[in-house]
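Survey of secondary and tertiary structure
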Amino acid sequence: MRLLVDPPRTMNSGSSNFLLVPIPEYPVLDCVPNKNVKIVVLGASNVGKTALIVRFLTKRFIGDYEANTGALYSRKINLDGEQVSLQVQDTPCVSLQDDAEGLYCQEQINRSIYWADGYVLVFSITDHSSYRTIQPLYQHVRRIHPAGNIPVILVGNKSDLLRARQVAADEGETLAASLGGPYFEASARENHEGVHAAFLHLCGEVSRALGGGNGEKRRGGLHLARPKSPNMQELKRRFRQVLSSKGKSSTNTL
Ligand SMILES: Nc1nc2c(ncn2[C@@H]2O[C@H](COP(=O)(O)OP(=O)(O)OP(=O)(O)O)[C@@H](O)[C@H]2O)c(=O)[nH]1
């Protein structure tokens, strides 16, 4: 069975700034047996974590969001001709501590890190401090998963804002190499293909790392419960919010 969140009833089809397509959700019981890929998206504030996830799952770009509270999105994807259950965990932002050695990282994020099989580390190419957050963030992931291979990709988002660039592409490449994953420059605002390629690459890596197993992978380090299940209420609330603000700002309805 597949559950859909309430579809929007009034929309402006000319706008790309609103979530026009509901993100398919389905209960955990409907997961594809033995093929459950769990990834978490991590990074500093305002780098575009939510925008990237929504872009990947809906091919759409939403202009503005309220601060993220950590939604979990679920859907089935086709990976090399195989159906795979994908869960993508959005997270609140992390930030560097004053000494820049450690991270401010909510407990909810630690749980997500423990739960996930693959990691999307995001910075904005327009914000060098978000780039500096990545190395400590990766070390943090390593502390939670001290053993084994960690499938990871590094995404430099907002590549459409070239004039505001603060992080050079080769800085991204170098950092990604040190983490042992590939670097993708992407624009959640302007380009679905780049975002899609990045997420799909990670899903493939995770699937290979799980080796066809059921996701019961490495379990060293901290013992933390998995994060809450798909947040349907949160999604519905966001749709309602988007629709009501749309209704206020435009007379164009379908
Ligand atoms: N120009 C441009 N803006 C983007 C892009 N991606 C996201 N944004 C904008 O950046 C802002 C932050 O995007 P979010 O997706 O909310 O970022 P986040 O990392 O989830 O933010 P937090 O909730 O603070 O953790 C929003 O105003 C987005 O519209 C992009 O690729 N290009």
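Residues numbered from 1 in each chain as written. Predicted model: local features only at pLDDT ≥ 70, side-chain atom pairs only at ≥ 80, totals over all residues. Heavy atoms only, no water.

**Some points on the overall build of the protein**
- Scanning the protein for helices and strands turns up 7 helices and 8 strands.
- Scored against the burial criterion, the 254 residues of the protein give a buried share of 52%.
- Contacts in the protein between residues at least 24 apart in sequence constitute 78% of all its contacts with a sequence separation of at least 6.
- For the protein, the accessible area works out to roughly 11,900 Å², and carbon and sulfur atoms hold 50% of it. (Helix = DSSP H or I, 4+ residues; strand = E, 2+ residues; numbered from the N terminus. Buried < 20%, exposed > 50% of the residue type's maximum accessible area, 1.4 Å probe, protein only. Contact = heavy atoms within 4.5 Å. Areas by Shrake-Rupley, 256 points an atom, 1.4 Å probe, with all protein chains shown as cover.)

**Some remarks on the pattern of salt bridges**
- A full pass over the atoms with the stated rule returns 2 salt bridges.
- Note that arginine 208 is salt-bridged to glutamate 205, the shortest N-O span being 3.3 Å. Taken together, the residues span about one helical turn, with arginine 208 and glutamate 205 both in helix α6 (residues 192–210) at a distance of 3 residues. (Salt bridge = Lys/Arg side-chain N within 4 Å of Asp/Glu carboxyl O.)

**A closer look at the sheet that holds strand β2 (residues 72–79)**
- Strand order in the open sheet formed by 6 strands is β2-β3-β1-β6-β7-β8, and the pairing between neighbours is mixed. For this open sheet the edge positions go to β2 and β8 (183–185), each flanked by a neighbour on one side alone. Neighbour-to-neighbour, the strand axes of this sheet turn through a mean angle of 25 degrees, independent of strand direction.
- Contacts between helix α2 (residues 107–115) and the sheet are confined to β1 (36–43), β2, β3 (82–89) and β6 (118–124), with β1 contributing the most and set at about 140 degrees to the helix.
- Seen against the sheet, helix α4 (residues 134–144) touches β1, β6 and β7 (152–157) and runs at an angle of roughly 165 degrees to β6. (Pairing = 2+ DSSP bridges. Axes fitted to C-alpha atoms, helices over the stretch in contact; angles between N-to-C directions.)

**Some remarks on the site of the ligand**
- The immediate surroundings of the ligand are formed by 22 residues, with Lys49, Ala51, Gly63, Asp160 and Ala188 found nearest.
- Interatomic distance of 3.0 Å between a backbone N/O atom of glycine 48 and an oxygen atom of the ligand.
- Residue lysine 49 places a side-chain N or O atom 2.6 Å away from an oxygen atom belonging to the ligand.
- No other element matches the 3 residues that helix α1 (residues 49–58) contributes to the shell around the ligand.
- Across the shell around the ligand, the residue classes break down as 9 nonpolar, 8 polar and 5 charged. (Near = heavy atom within 4 Å. Polar contact = N/O pair within 3.5 Å; in protein donor to acceptor, adjacent residues only side chain to side chain. Nonpolar A, V, L, I, M, F, W, Y, C, P; charged D, E, K, R; others polar.)

**Description of the confidence of the model for the protein**
- Counting all residues, the mean pLDDT for the protein is 76, and 65% of those residues have values of 70 or more.
- Here residues 250–254 is modelled with pLDDT under 50, and outside its nearest four sequence neighbours on either side it reaches 8 contacts, counting other chains as well. (pLDDT = per-residue confidence, 0-100.)

**Focus: the packing of aromatic side chains**
- Counted by the stated rule, this structure contains 3 aromatic pairs.
- Where phenylalanine 123 meets tyrosine 183, the ring centres are 6.0 Å apart and the plane angle is 0 degrees; that geometry is what we call stacked. Here tyrosine 183 lies in strand β8 and phenylalanine 123 lies in strand β6, a separation of 60 residues in the sequence.
- Taken together, Phe123, Tyr131 and Tyr183 form an aromatic cluster joined through their ring pairs. (Phe/Tyr/Trp six-rings, centres within 6.5 Å; stacked < 30°, edge-to-face > 60°.)

**Details of the packing of α1 against α6**
- Where α1 meets α6, the closest approach of the two axes is 9 Å, and the angle between their N-to-C directions is 95 degrees. When the axes of α1 and α6 are compared, the pair comes out roughly perpendicular. Between α1, through Leu52, Ile53, Arg55 and Phe56, and α6, the contact on the second element is made entirely by His192, Val195, His196, Phe199 and Leu200.
- Taken together, the residues of the contact of α1 with α6 break down into 6 nonpolar, 2 polar and 1 charged. (Parallel < 35°, antiparallel > 145°, perpendicular 65-115°, else oblique.)

**Describing α2**
- Inspection of α2 places Ile109, Asn110, Ser112, Ile113, Tyr114 and Trp115 among the buried residues, and these make up the whole buried set.
- Residues of α2 that are buried sit in contact with β1, β2, β3, β6 and α4.

**Overview of the pairing of β7**
- Within β7, 6 of the 6 residues are buried, which leaves it mostly tucked inside the rest of the structure.
- Both faces of β7 are covered, namely the face carrying Val152, Leu154 and Gly156 and the face carrying Ile153, Val155 and Asn157.
- Strand direction decides the pairing type here: β6 and β7, joined by 6 bridges, are parallel. Bridging from a neighbouring strand, valine 122 pairs with valine 155 of β7.
- Direction of pairing for β7 relative to β8: parallel, over a ladder of 3 bridges. Note that in β8 the partner of valine 155 across the bridge is phenylalanine 184.
- Taking the sense of rotation as the criterion, the β-α-β connection linking β7, helix α5 (residues 169–179) and β8 turns out right-handed. (Right-handed = clockwise from strand over helix to strand, strands pointing away.)

**Things to note about α1**
- Here α1 lies mainly inside the structure; 10 of its 10 residues are buried.
- Taken as a whole, α1 has its buried residues at Lys49, Thr50, Ala51, Leu52, Ile53, Val54, Arg55, Phe56, Leu57 and Thr58.
- At the C-terminal side of α1, lysine 59 shows a positive phi close to 65 degrees.

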